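Overview (structure and organization)
Now for the letters of each chain:
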Amino acid sequence: MARFILRRCVTMIWTLAVVSVLVFIIVNLPPGDILSNRIDELMASGEEASVAQARFIAAQYSLDQPLWKQYLIWMGVWPGPNGFSGILQGDLGWSFELDRPVADIVGEAVWMTVVLNFTTIIFVYVFALPLGAIAAVRANTLVDYVATFIGYIGLATPNFLLALVLYNYGAQWFGLPVGGMMGREFSGQPLSWAKILDVLEHLIVPVIVIGTSGMAAMVRRLRANLLDELGKPYVVTAAAKGLPPARAVVKYPLRMALNPFVADIGNMLPQLVSGSVIVSVVMGLQTIGPILLQSLRSQDYFLSGFILLFVSVLTLVGMLVSDILLALLDPRIRFAGRGR
Amino acid sequence: MRVTPLLRVEGLSVCFGAGAGAMEVVKGVDLTLRRGESLAIVGESGSGKTVTGKAILRILPRAARITAGRAVLTGAGGKEVDLFGLSEPRMRAIRGGRIAMIFQEPMSSLSPLHTVGNQVAEALRLHRKKSGAEGRRICLETFAEVGFPDPERAWSAYPFELSGGLRQRAMIAMAMVCRPDLVIADEPTTALDVTTQAQVLDLMRRLQTGTGMSMIMITHDLGVVANMADSVLVMRRGEVVESGPTRVILTDPGHGYTRALIAAAPKIPECMSGGLGEVRDPILWARNLSKTYPGRISGLGKQAAPVQAVQDVEIVIGRGETLAVVGESGSGKSTVARLLLRAEDPDPGAEIGFRGRDGETQDVATMTRARLKAFRRRVQIVFQDPYSSLSPRMSVLDILTEPLEVHGLGTRAERRQRAAELMEKVGLSPAHLGRFPHAFSGGQRQRICIARALALDPEMIVCDEPTSALDVSVQAQVLDLLKGLRKEMGLSYLFISHDLTVVAELADRVAVMRRGRIVEQAPAKLLFENPRHPYTIALIAASPEPDVNRRLDLAAVARGAGDPECWPEPFGYRGHQAPPLHEIEPGHYVSCAA
């Protein structure tokens with residue numbers, strides 16, 4: 001098992017390296033990013049001071065270097081104008097649009113994103129598992145139809161609409177806070193219990209809004225998988241053994257049906273991040289979604305490059321987690337890894 | 001003293017579906033089972049035998065309903081309960097506790113995600129309230145009892161780590177661990193190789209006499225019945241056509257259907273005809289035929305040892321003759337067929353020759369693609385499973401004319417005409433050309449497969465287990481059809497089978513394969529009358545015959561069915577050092593040290 005995880009980590013590092021190259025190429029591809037625009041403006045003015053300043057900026061951000069060298073400097077494996085200073089050293093670069101270091105801008109947003117997404121995934125799984133299982137076991141009965149109906153509503157309702165509705169009634173009936181990830185008074189404050197509680201309270205509505213459609217899809221998929229498994233001979237064996245139906249379902253077919261369920265964690269993460277941009281804007285969530293949107297529009301490439309890289313890391317970690325869980329769940333995968 | 005039966009089923013009827021579309025699949029079945037008795041329910045697919053077995057345990061599929069009948073189980077103290085009247089929780093106490101069931105497919109009937117120990121111990125936990133160390137001890141004892149060489153290993157093994165025979169032993173252990181009064185075994189050995197089947201049948205018989213339990217054996221194989229059962233119940237289309245003691249039913253059947261079943265059961269004929277000596281006019285031959293698959297690459301670039309699927313095989317098929325290649329799963333028999341057709345490339349050094357009606361000798365092993373296409377027109381193949389080898393989206397007409405189209409033969413009308421001829425040739429009505437495969441039964445589908453193989457007027461047909469998915473009576477008809485076609489069209493056959501008895505009537509020559517090598521090859525008459533190799537002897541001994549006086553010879557099975565290392569001198573060998581084939585009489589070759 002340890003070897004399996006180690007091997008996966010090694011492949012993960014390789015994948016990340018390739019992804020970082022791709023990200024760098026992509027953010028550099030379209031002409032007219034914010035920095036070159038400013039340099040062009042300065043050059044065009046023709047004034048000596050401006051031209052000198054333009055040269056200085058270009059040198060500062062290694063724009064006078066070939067692209068591959070720029071990439072290496074960005075990653076921090078090649079000495080730039082300030083020595084080794086790139087992502088590997090923790091220097092995430094400079095946002096030209098906001099005129100602040102990238103690290104400052106994304107700092108809290110990154111953690112908020114991680115918290116929001118993991119809570120959403122947990123929410124999705126906690127609700128999808130029993131709902132899907134019940135819908136399958138009681139297939140084509142009232143319970144199944146109700147679960148299916150709720151699922152379709154969840155799939156079909158636009159998220160921002162759901163957000164507005166939930167904020168309205170949440171505030172009216174339960175006194176839930178409206179908008180944002182935390183109360184204003186906690187913004188920028190060090191972590192404390194009060195702050196954690198406040199964040200949790202703010203999380204309730206966004207998690208439901210972002211998670212509902214994913215959950216609905218998951219319920220449908222689990223139901224289909226489990227229905228397939230319920231007809232398998234080993235379920236009959238369990239019944240012939242005298243196992244009570246509920247225990248039999250949980251122990252045998254449900255565990256088999258979990259495979260695709262678990263394998264989805266990796267896919268869900270990037271979907272949640274990119275899919276929740278609009279919702280984050282509507283709900284005023286301080287996640288990296290809106291920042292990413294903004295930085296892509298203005299072609300603020302250190303900022304967008306880093307965020308894309310971060311989402312990739314999130315995805316790969318999700319894949320790793322789902323692979324490890326799969327190996328734990330299914331001995332066949334474990335043994336194939338051992339290469340009998 | 002009147003003995004009360006253990007189980008009395010009266011007027012059992014089972015329906016599938018409800019309302020007007022309901023179909024009665026079991027119609028008023030009665031059966032009586034004494035304590036310690038073994039009863040066989042015999043019938044072909046669709047006879048309702050499995051449904052009857054499952055109905056007793058009330059584990060029918062959701063669509064099925066018991067519509068009438070009683071199943072009275074008598075307890076040790078003489079207390080009677082009607083199984084169909086019990087509440088679900090009380091029924092659960094009987095399932096696995098007093099009545100256990102063994103299923104046909106041990107692989108899919110065991111959960112792949114749980115260890116064998118876990119699954120077997122579960123029954124104990126449920127019914128005997130024994131878990132932890134004591135449960136484990138009882139399980140390990142049961143594992144030893146059902147013949148696991150290493151019970152500790154079995155405890156922590158997953159089903160996919162075990163061989164087919166051991167998996168079925170795990171199923172048996174699961175059924176036996178609570179010491180039930182009755183075990184219902186649903187085709188317990190159908191998915192196993194013949195020699196494994198013989199050993200598992202023997203185990204079940206010993207367990208039954210040892211523990212005094214009763215058994216209901218559901219099977220299609222009268223050979224199994226003759227070896228296992230005290231009495232028989234013959235079922236057809238949901239009804240009991242005949243029942244009585246095994247000896248009476250098998251020797252003096254009263255019902256025509258029983259007689260037909262016995263007649264259709266494959267057996268080795270007493271007196272065999274067929275050619276002797278060497279092949280005079282070969283159509284297809286191969287020498288030095290080997291196939292090595294590279295080992296699987298695992299993890300960090302390490303590679304498992306290569307697998308030698310076929311090693312140094314030499315065979316000759318005579319024109320108008322049938323060569324049967326017989327072996328158990330994994331013996332390399334199907335690989336040989338694929339190599340001969342060049343569906344796979346043999347290892348370098350192999351020599352495959354073909355001489356058709358035109359008298360021209362062709363080297364198949366080094367043929368170009370274009371010539372290969374022409375060669376395949378002359379050598380066709382029929383596969384094992386008629387259900388998956390016909391596209392469900394093509395009408396029979398399309399299926400039969402497709403080969404002609406591929407080779408660009410005839411006009412549309414001519415191809416249609418040819419398809420109609422083919423249907424008649426294989427005994428089907430040309431009026432059914434517009435139908436789709438699902439409208440035909442298994443046997444009819446296999447006829448369509450044969451018609452498709454005949455479409456291009458081939459000189460030779462490779463039959464890869466063409467009857468092993470079929471009922472016995474259908475199997476007999478398909479074999480007769482193949483025999484007739486051979487005579488009529490002068491065909492040559494390469495017939496692949498795992499069952500020696502099936503090939504006994506059809507084959508002129510037989511090659512027995514084990515571990516990728518031919519261990520014995522001879523004209524059929526010599527092979528069956530004078531088998532020499534211990535493995536051949538084991539195969540013959542392991543085939544159950546519907547004859548109560550000829551029970552399985554397990555000593556012979558044990559001598560030859562094991563690994564080559566434990567074969568007696570001069571046949572045994574270690575590793576890849578197989579002894580060469582020696583000619584012991586004209587045309588009869590045996591692998592043995594000189």
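Residues numbered from 1 in each chain as written. Chains lettered and ligands numbered in written order. Predicted model: local features only at pLDDT ≥ 70, side-chain atom pairs only at ≥ 80, totals over all residues. Heavy atoms only, no water.

Re the overall build of chain A
- Across its full length, chain A holds 16 helices and two strands.
- Counting only C-alpha atoms, chain A reaches 90 × 60 × 35 Å along its principal axes.
- Here chain A holds 340 residues, and the buried ones make up 46% of them.
- Contacts in chain A between residues at least 24 apart in sequence constitute 70% of all its contacts with a sequence separation of at least 6.
- With the model as given, the accessible surface of chain A reaches about 17200 Å², and the carbon-plus-sulfur share is 69%.
- Treating the 23 positive side-chain charges of chain A as one cloud and the 21 negative ones as another, the clouds have centres 22 Å apart. (Helix = DSSP H or I, 4+ residues; strand = E, 2+ residues; numbered from the N terminus. Buried < 20%, exposed > 50% of the residue type's maximum accessible area, 1.4 Å probe, protein only. Contact = heavy atoms within 4.5 Å. Areas by Shrake-Rupley, 256 points an atom, 1.4 Å probe, with all protein chains shown as cover. Lys, Arg positive; Asp, Glu negative; His and termini not counted. Charge placed at Lys NZ, Arg CZ, Asp CG, Glu CD.)

Focus on the interface of chain B and chain A
- The partner chain A presents 29 residues to the 34 residues of chain B that form the contact.
- Interface area, chain B with chain A, both sides summed: about 2700 Å², of which 62% is carbon and sulfur.
- Here chain B and chain A share two salt bridges between them.
- The salt bridge partner of K251(A) is E122(B), with a shortest N-O separation of 3.1 Å.
- At the boundary of chain B with chain A, the tally comes to 12 residue pairs in polar contact (both at pLDDT 80 or more).
- Elements with a contribution of two residues or more to the side of chain B that touches chain A: helix 1 (49-57), strand 6 (99-102), helix 3 (106-109), helix 4 (116-127) and helix 7 (164-176) of chain B.
- Counted by class, the side of chain B that touches chain A contains 15 nonpolar, 10 polar and nine charged residues. (Buried area = accessible area lost by both parts, 1.4 Å probe. Salt bridge = Lys/Arg side-chain N within 4 Å of Asp/Glu carboxyl O. Polar contact = N/O pair within 3.5 Å; in protein donor to acceptor, adjacent residues only side chain to side chain. Nonpolar A, V, L, I, M, F, W, Y, C, P; charged D, E, K, R; others polar.)

Thoughts on the sheet that holds strand 18 (residues 379-382) of chain B
Residue and element names in this part refer to chain B.
- Read across the open sheet, the eight strands follow the order 18-19-20-15-21-22-24-23; overall the sheet is mixed. With one partner strand each, in any of the chains shown, strand 18 and strand 23 (581-585) form the two edges of the open sheet. Each adjacent strand pair in this sheet contributes to an overall mean axis angle of 20°, direction not counted.
- In terms of strand pairing, strand 19 (residues 460-464) meets strand 20 (residues 492-497) through five bridges, oriented parallel. Of the residues in strand 20, the one forming a bridge with C463 is F495.
- Its contacts with the sheet put helix 17 (residues 472-489) on strand 15 (322-326), strand 19 and strand 20, and the angle it makes with strand 20 is roughly 160°. (Pairing = 2+ DSSP bridges. Axes fitted to C-alpha atoms, helices over the stretch in contact; angles between N-to-C directions.)

Focus: empty space enclosed by the protein
- If you walk through the whole model with that rule in mind, you get three cavities of 30 Å³ or more.
- Quantified by volume, the largest cavity comes out at close to 70 Å³.
- Around the largest cavity sit T237(A), A240(A), K241(A), G96(B), A100(B), M101(B), F103(B), M171(B), M174(B) and A175(B), which together line it.
- Of all the elements in the fold, those that place two or more residues in the lining of the largest cavity are helix 9 (233-240) of chain A together with strand 6 and helix 7 of chain B.
- Counting residues per element, the lining of the largest cavity draws most heavily on helix 7 of chain B, which supplies three residues.
- Tallied by class, residues from the lining of the largest cavity come to seven nonpolar, two polar and one charged. (1 Å grid on protein atoms, 1.4 Å probe; cavity = no way out; pocket = protein on both sides within 12 Å on 5 of 7 lines; lining within 4 Å. Points joined across faces, edges and corners; volume = space filled by probe spheres on them.)

As for unusual backbone geometry
- Put simply, E569(B) and P570(B) share a cis peptide bond, and its omega is 0°.
- With respect to the secondary-structure elements, P570(B) resides in the loop between helix 21 (554-561) and strand 23.

Details of the environment of T141(A)
Residues and elements named next belong to chain A.
- Mapped onto the fold, T141 is located in the loop between helix 5 (102-137) and helix 6 (142-156).
- Separated by 77 residues in the primary sequence, T141 and M218 have C-alpha atoms spaced 19 Å apart.
- One polar contact links the side chain of T141 to the main-chain carbonyl oxygen of R138, over a distance of 2.6 Å.

Focus on the pairing of strand 21 (residues 509-514) of chain B
Residue and element names in this part refer to chain B.
- Within strand 21, six of the six residues are buried, leaving the element largely enclosed by the surrounding structure.
- The side-chain alternation of strand 21 yields two buried faces, one formed by R509, A511 and M513 and the other by V510, V512 and R514.
- Bridge count between strand 15 and strand 21: four bridges; the pairing is parallel. When the bridges of strand 21 are listed, L323 appears paired with R509.

Focus on the pairing of strand 22 (residues 517-523) of chain B
Residues and elements named next belong to chain B.
- Within strand 22, seven of the seven residues are buried, which leaves the element mostly enclosed by the surrounding structure.
- Across six bridges, strand 21 lies against strand 22 in antiparallel orientation. Bridge assignment links M513 to a residue of strand 22, and that residue is I518.
- Between strand 21 and the antiparallel strand that follows it, strand 22, lie two residues; R515 among them carries a positive phi value of about 55°.
- Note that strand 22 and strand 24 (residues 588-591) share two bridges and pair antiparallel. When the sheet's bridge partners are listed, E520 is paired in strand 24 with V590.

Describing the domain arrangement of chain B
All names here are of chain B.
- Along its sequence, chain B is organised into domain 1 (7-264) and domain 2 (282-293 + 304-530).
- Relative placement of domain 1 and domain 2: their C-alpha centres are 37 Å apart.
- With eight residues of domain 1 at the interface, the matching set in domain 2 holds eight residues.
- The largest share of the area that domain 1 buries against domain 2 comes from E44, D193 and A264, three residues that together contribute 55% of it.
- Across the domain 1-domain 2 interface, the total number found is zero salt bridges.
- Linking domain 1 with domain 2 are four residue pairs in polar contact (both at pLDDT 80 or more). (Domains from an automatic or database assignment.)

Topic: the sheet that holds strand 8 (residues 214-219) of chain B
Residue and element names in this part refer to chain B.
- Taken in spatial order, the six strands line up as 6-7-8-3-9-10 in an open sheet, and their pairing is mixed. Edge strands, defined here as strands with exactly one partner in the open sheet, are strand 6 and strand 10 (239-245). Within the sheet, the average angular offset between the axes of one strand and its neighbour, ignoring direction, is 15°.
- When strand 6 meets strand 7 (residues 182-186), the two strands line up parallel, connected through four bridges. When the bridges of strand 7 are listed, M101 appears paired with I184.
- Against the sheet, helix 7 touches strand 6 and strand 7, its axis set at about 175° to strand 6.
- Sitting on the sheet, helix 8 (residues 194-211) is in contact with strand 3 (38-42), strand 6, strand 7 and strand 8, with an inclination near 155° to strand 8.

What about the nonpolar core?
- If you look at the biggest cluster of nonpolar residues, it comprises 161 residues, and the most contacted ones within it are L7(B), L83(B), F143(B), I216(B), V510(B) and F528(B).
- In terms of domain composition, this core takes at least three residues from each of domain 1 (7-264) and domain 2 (282-293 + 304-530) of chain B.
- With sequence-adjacent residues up to four places away left out, L7(B) is seen in contact with L31(B), T32(B), L33(B), I56(B), V72(B), L73(B), L83(B), L182(B) and I216(B).
- Of all hydrophobic cores here, the second largest spans 79 residues; its members include L72(A), V106(A), A109(A) and L326(A). (Core = buried A, V, L, I, M, F, W, Y, C linked by side-chain atoms within 4.5 Å.)

Some thoughts on the packing of aromatic side chains
Residues and elements named next belong to chain A.
- Applying the stated criterion across every chain, the model contains 12 aromatic pairs over all chains.
- Geometrically, the ring pair formed by F306 and F310 is stacked, given 6.4 Å between the ring centres and 25° between the ring planes. Placement of the pair is F306 and F310 together in helix 15 (residues 301-329), with a separation of four residues, close to one helical turn.
- The buried category is assigned to F310, whose relative accessible area is 14%. (Phe/Tyr/Trp six-rings, centres within 6.5 Å; stacked < 30°, edge-to-face > 60°.)

Points about the pattern of salt bridges
Residues and elements named next belong to chain B.
- Summed over all chains, the structure comprises 39 salt bridges over all chains.
- Between E134 and R137 there is a salt bridge; the shortest N-O distance is 3.9 Å. A residue pair is termed a helical-turn pair when its members lie 3 or 4 positions apart in one helix, as E134 and R137 do in helix 5 (residues 132-145) at three residues.
- Judged by its relative accessible area of 37%, E134 is partly exposed.
- R137 sits in the partly exposed class, given a relative accessible area of 43%.
- Via salt bridges that share partners, R8, E10, R70 and E80 belong to a single interconnected network.

Description of a nonpolar patch on the surface
Residues and elements named next belong to chain A.
- On the surface, F160, L161, L164, V165, Y169, W173, F174, I278 and V282 cluster together to form a nonpolar patch covering roughly 950 Å² of accessible area.
- Elements supplying a minimum of two residues to the nonpolar patch: helix 7 (159-174) and helix 13 (277-283).
- Along the chain, the position of L161 falls in helix 7. (Patch = residues over 30% accessible without salt bridge, like charges linked within 9 Å, V, L, I, M, F, W, Y side chains within 5 Å.)

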